[in-house]
Protein chains: 2
Amino acid sequence: MSAIDLLRARLAELADLASVQMLAEWDQLVMMPSQAAAGRAQQLGTLAHLSHERATDEQIGAWLQELQGAALDELDADIVRIARRDYERARTIPDDLAVELARAAAEGQEAWQRARADDDFGSFVPALRRNVELARAQGQCVAAPGQRPYDALLFDYDHGLSSADLRPLFDALTEALPALMEQAAVHSPARPMAVPAQAQKAAVQSLLAKLGVEPSSWRVDVSAHPFTTWTGRRDTRITTRYSDGDVESLLSSLHEYGHALYERQVDPALERTNLGTGTSMSVHESQSKLWENHVARSPAFAEVLAAELTVAGFAVTAKDLHATLVGVQPSLIRVSADPLTYPLHIVLRFELEHALIEGDLAVEDLPVAWREAVKRLLGLEVPSDALGCLQDIHWGAGSFGYFPSYALGCLIAAQLWEAMEAQIGSRADDLSRGEVGEIQRWLAEHVHRFGRRLDTIPLVEQATGAGLTVEPFLRYVAPLAGG
Amino acid sequence: MSAIDLLRARLAELADLASVQMLAEWDQLVMMPSQAAAGRAQQLGTLAHLSHERATDEQIGAWLQELQGAALDELDADIVRIARRDYERARTIPDDLAVELARAAAEGQEAWQRARADDDFGSFVPALRRNVELARAQGQCVAAPGQRPYDALLFDYDHGLSSADLRPLFDALTEALPALMEQAAVHSPARPMAVPAQAQKAAVQSLLAKLGVEPSSWRVDVSAHPFTTWTGRRDTRITTRYSDGDVESLLSSLHEYGHALYERQVDPALERTNLGTGTSMSVHESQSKLWENHVARSPAFAEVLAAELTVAGFAVTAKDLHATLVGVQPSLIRVSADPLTYPLHIVLRFELEHALIEGDLAVEDLPVAWREAVKRLLGLEVPSDALGCLQDIHWGAGSFGYFPSYALGCLIAAQLWEAMEAQIGSRADDLSRGEVGEIQRWLAEHVHRFGRRLDTIPLVEQATGAGLTVEPFLRYVAPLAGG
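Analysis parameters
- Residues numbered from 1 in each chain as written.
- Chains lettered and ligands numbered in written order.
- Predicted model: local features only at pLDDT ≥ 70, side-chain atom pairs only at ≥ 80, totals over all residues.
- Helix = DSSP H or I, 4+ residues; strand = E, 2+ residues; numbered from the N terminus.
- Buried ≥ 20, exposed ≤ 12 C-beta atoms within 10 Å, placed from the backbone.
- Contact = placed C-beta atoms within 7 Å.
- Axes fitted to C-alpha atoms, helices over the stretch in contact; angles between N-to-C directions.
- Parallel < 35°, antiparallel > 145°, perpendicular 65-115°, else oblique.
- Left-handed = near helix turned anticlockwise from the far one by under 90°.
- Least-squares fit on C-alpha atoms with pLDDT ≥ 70 in both.
- Pairing = 2+ DSSP bridges.
- pLDDT = per-residue confidence, 0-100.
- Domains from an automatic or database assignment.
- Nonpolar A, V, L, I, M, F, W, Y, C, P; charged D, E, K, R; others polar.
- Arc of directions from axis to C-beta.

**Comments concerning the overall build of chain A**
And step 1. In terms of regular secondary structure, chain A is built from 20 helices and 3 strands.
And step 2. For chain A, the spread of C-alpha atoms along the principal axes amounts to about 65 × 50 × 50 Å.
And step 3. When burial is assessed residue by residue, chain A has 47% of its 483 residues classed as buried.
And step 4. Look at the contacts in chain A between residues 6 or more apart in sequence, and 73% of them connect residues 24 or more apart.

Next comes the structure, spelled out in structure tokens:
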């Protein structure tokens, strides 16, 4: 076998291991009996260890060496280019640091869970400090010459992006959104609506079926937190949750559908290669936000949603439902934030995690810094750390550099949506009839099919003809503020 | 790390991989969207390939070498003993034969499925011939000096057993059962009963709950063919199926429960070692048969089953239900055979597969030989190959040496049951009240806890004080014939 065939065989093996890992995690969250948790953690550890060993194996280095300067077709050239990047990245982390990172992440998550339940930040400090130190060490290991540790961590989620790219975008949001927020809180105030879980469930199932979710290649299940997983292009699994007190499942099921559609529409030629998945966290999040913000929260699609709920026994007008889905109110909790204030929650997390990793903020000063930032950006007092800096799992689990993708996703979604409508016209008529075929096709052609062949910014540029900017997002939220 | 620690770490990894493989297979049969089949086959292939590579790695040989003559405690000595056996066994099969075996098994299964659907044995001949030849080659590879190829294959399912051990047992069955069968067909004739699927389901769920099947460490699902799987001692998953025309789920759920309980009651100290599962196919089958034949088919437990069905809306007396569960009628199909004639189906398969592997029967002569054996053992004419030699998947999937365990399971179950009742008294009173705690404890102590530390015959001997014989089974079926 030639070097490229050997490399491709190994990449197929790694893709299979990743699929099996996702399956085991899905099973854990959706199907597994609770007492199996300890055993499952060991199984996942073994899979991670094996994957790492096979991904950093010196044979890969030898094949890449042999392929240096080889005449390859475009696809193989991309496969080799990304294989080299991934291999070099994986090899920079010493084994003992990798083990320590994994252990600290598991213990940090547990410490975080207890601290949040007890609203006791002090008890979380040692674990968080260890996570910060290890993440900084990791960033130092993987940093390119002259690259800061935080930026090196960011590369794992969004290759090619740096803090220097993020700052002007986030500064623009910080400048524009607080004022818009105050106007929107008057013009489009929060209008909670309690739809019975059974009606939501029936509506979501009917709706997803119309979007192409059929049982021969999809599953839709219930889990504590909605998520999407896949073990291949013909096995996509989304979860949602239903509760009587809200309308959350209407938004979250469309959100997860966006993640799922991305993975399903990657070019089949990339399957079982290193290019066969979404390219970055921010582009992935842009796909979920596109369906959540621009489809589910559109006035046109509200007609479809309202009709589904009415058929399911909860009579509601499109106008009332839409008002609920877009109502603006500054709040303390990120995951339930409205579409306008959501990115501000991310800006404050970016500021703080950047400062933690770069040594500009001590761990024990985090609660004070958090309160200051929430006051400044959202105008709110934080009554407790449980509703403040303890609300998210990420830092406890050792993830630094992940948060920005949530805000970038909102921006990219808006920019893609504008580009799409500029090219193929307003989607309002189609959406009011529940027709999304043209949207699916446009996304496949301009975003999904590339898999990892294009990084975030080149992908945005070729899809929209421009670099990433905040204007489309600001235009998207302007009507909420009466603009 | 010392050689024993390194070895144990590798065995833990292999145990984790086996668990993940079982999970992926369970998911495939119970949860997976149908279009994912091709991708799942690749994932399972990757897991099998990795497991084989890690199990035959020369490092293991080096650790075993180092451990030769080392002072080890009893458990570690057993771990090393079985590790050496497994390692040497796995290393005897050349990689290209292993690949060919796997491919032929997959293709043979497909060929068998089509041939059975079309009742066209001729179309199955090439695939079956290839499977026979490859299995013979495999047997020759792994055979100890002087061991016949078929006996070498048998070792994979039941280490320590040979055709010479089986023949006297199977001869005794051949001698005794046909006459008993004729008497039983009069004394305990078949009495079909059509219990609605919903009533069966309610009864099975309630029944399993009484046997300790609770959702924090068990799952009970539906699949096309009932089976049992586990990913650890606290994650046991059984499946069953419900149809309106029979009472099958009452027997099959107890059958699978028997397999499951065995795995759950292995000594926890053996978890994630090479000893932490059931020791052989025949002992595993003895555990399922014990619960199927000696619990579910007992007159005492029929009272519990009848009460459950009555509560579930299908009023029936214990007497009538018991008569249905034990009704005897010679039939063509193994999987639905009654408890008395079942072993005869196995005897005929043993005879034929032994002759195929040892070259005493040509593949194209199989249908004639099958018809002759069915006539001789069961007194029936075989109207078609679909109801004859094409009914089972095993040979199509390349499994030779597996069938005997089904009959041995019946024998061992009967022998264990007699030994247990001799030691702790008749179980009838307990069973009539649905109490099985003493049975569970006896099995844990005398069978389950050993895992793979004892092979089939030593295990039977220490549990029952005697070698394997047919008498307990013949005493078990005698009442059906009025004896």
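**Thoughts on the packing of helix α9 (residues 197-210) of chain B against helix α12 (residues 299-311) of chain B**
Packed helix pairs are specified by the crossing angle of their axes together with the interaxial distance, meaning the distance between the axes.
Residue and element names in this part refer to chain B.
And step 1. The geometry of α9 relative to α12 is characterised by a closest axis approach of 8 Å and an angle of 125 degrees between their N-to-C directions. With respect to each other, α9 and α12 are oriented oblique. The handedness of the crossing between α9 and α12 comes out as right-handed. In this structure, α9 uses Ala199, Ala203, Ser206 and Leu207 to contact α12, whose residues at the interface are Leu305, Glu308 and Leu309.

**Looking at the relation of the copies chain B and chain A**
And step 1. Rotating chain B by 180 degrees and translating it 0.0 Å along the rotation axis places it on chain A, where the RMSD comes to 0.0 Å. Taken together, the rotation and translation describe the operation of a two-fold axis.

**Here we look at the sheet that holds strand β1 (residues 218-222) of chain A**
All names here are of chain A.
And step 1. With mixed pairing, the 3 strands of this open sheet are ordered in space as β1-β3-β2. Each having just a single partner strand, β1 and β2 (228-232) make up the two edges of the open sheet. Strand-to-strand twist across the sheet, computed as the mean angle between neighbouring axes with direction ignored, equals 20 degrees.
And step 2. Here β2 runs beside strand β3 (residues 235-240); their pairing, made up of 4 bridges, is antiparallel. Following the sheet pairing, threonine 228 is matched in β3 by isoleucine 238.
And step 3. Across the sheet, helix α1 (residues 3-30) touches β1, β2 and β3, and the angle it forms with β2 is around 140 degrees.

**Looking at the confidence of the model for chain A**
And step 1. Looking at chain A, the pLDDT average stands at 96 and 100% of residues meet or exceed 70.
And step 2. Across the interfaces of the predicted complex, the ipTM metric reaches 0.94, alongside a pTM of 0.95.

**Focus: the domain arrangement of chain A**
Residues and elements named next belong to chain A.
And step 1. The domain boundaries assigned to chain A delineate domain 1 (3-91) and domain 2 (119-483).
And step 2. Relative placement of domain 1 and domain 2: their C-alpha centres are 27 Å apart.
And step 3. Each side of the interface is counted separately: domain 1 has 18 residues, and domain 2 has 17 residues.
And step 4. Where the side of domain 1 that touches domain 2 is concerned, the elements lending two or more residues are α1 and α4 (74-91).
And step 5. Looking at the side of domain 1 that touches domain 2, the element that brings in the most residues is α1, giving 11 residues.
And step 6. The class makeup of the residues in the side of domain 1 that touches domain 2 is 12 nonpolar, 1 polar and 5 charged.

**Quick word on the environment of glutamate 364 of chain B**
Residues and elements named next belong to chain B.
And step 1. Relative to the helices and strands, glutamate 364 resides in the loop between α14 (342-357) and α15 (366-378).
And step 2. Looking at glutamate 364, the number of C-beta atoms within 10 Å reads 12, which means it is exposed.
And step 3. Taking the C-alpha atoms as reference points, glutamate 364 and phenylalanine 124, separated by 240 residues in sequence, lie 9.6 Å from one another.

**Some points on the environment of arginine 264 of chain A**
Residues and elements named next belong to chain A.
And step 1. Structurally, arginine 264 can be placed in helix α10 (residues 248-264).
And step 2. The class for arginine 264 is partly exposed, based on 19 C-beta atoms found within 10 Å.
And step 3. A C-alpha to C-alpha distance of 21 Å links arginine 264 and tyrosine 406, two positions 142 residues apart in sequence.
And step 4. Beyond its immediate sequence surroundings of up to four residues, arginine 264 is in contact with Arg233 and Thr236.

**Structural notes on the sheet that holds strand β3 (residues 235-240) of chain B**
All names here are of chain B.
And step 1. One open sheet holds the 3 strands; their spatial order is β1-β3-β2, and the pairing between them is mixed. Every other strand in the sheet has two partners, leaving β1 (218-222) and β2 (228-232) as the edge strands with one partner each. Taken pair by pair, the neighbouring strands of this sheet meet at an average axis angle of 20 degrees, ignoring direction.
And step 2. Contacting β2 and β3, helix α10 (residues 248-264) crosses the sheet at an angle of about 160 degrees to β3.

**What about the interface of chain B and chain A?**
And step 1. Between chain B and chain A, the residue contacts involve 29 residues of the former and 29 residues of the latter.
And step 2. Among the elements of the structure, α1 (3-30), α2 (37-55), β1 and β2 of chain B are those that each provide at least two residues to the side of chain B that touches chain A.
And step 3. For the side of chain B that touches chain A, the element with the most residues is α1 of chain B, which contributes 8 residues.
And step 4. A class-by-class count of the residues in the side of chain B that touches chain A yields 12 nonpolar, 11 polar and 6 charged.

**Description of the environment of glutamine 287 of chain A**
Residues and elements named next belong to chain A.
And step 1. Residue position: glutamine 287 is located in helix α11 (residues 281-296).
And step 2. Using a count of 27 C-beta atoms within 10 Å as the deciding quantity, one classes glutamine 287 as buried.
And step 3. C-alpha of glutamine 287 to C-alpha of glutamine 28: the two residues are 259 residues apart in sequence and 25 Å apart in space.
And step 4. In contact with glutamine 287, other than residues within four places in its own chain, are Gly258, His259, Leu261 and Tyr262.

**A word on helix α13 (residues 318-326) of chain B**
Residues and elements named next belong to chain B.
And step 1. Among the residues making up α13, those that are buried are Leu321, His322, Leu325 and Val326. Buried positions in α13, seen along its axis, are confined to an arc of 120 degrees and lie on one side of it.
And step 2. The elements touched by buried residues of α13 are α10, α11 (281-296) and α12.

**Concerning unusual backbone geometry**
And step 1. In this structure, aspartate 119 of chain A takes a positive phi of about 50 degrees despite not being glycine.
And step 2. Looking at where aspartate 119 of chain A falls in the secondary structure, it is placed in the loop between α5 (95-118) and α6 (121-142).

**Examining the packing of helix α6 (residues 121-142) of chain B against helix α7 (residues 149-157) of chain B**
All names here are of chain B.
And step 1. Put simply, α6 and α7 touch, their axes get as near as 8 Å, and they point 85 degrees apart. On the basis of the axis angle, α6 is roughly perpendicular to α7. Residues Ala135, Arg136, Gln138, Gly139, Gln140 and Val142 of α6 form the contact with α7, whose own contacting residues are Pro149, Tyr150, Ala152 and Leu153.
And step 2. For the contact of α6 with α7, the per-class residue count stands at 6 nonpolar, 3 polar and 1 charged.

**What to know about the pairing of β2 of chain B**
And step 1. A large share of β2 of chain B lies buried, amounting to 5 of its 5 residues.
And step 2. Joining the antiparallel neighbours β2 of chain B and β3 of chain B is a turn of 2 residues.

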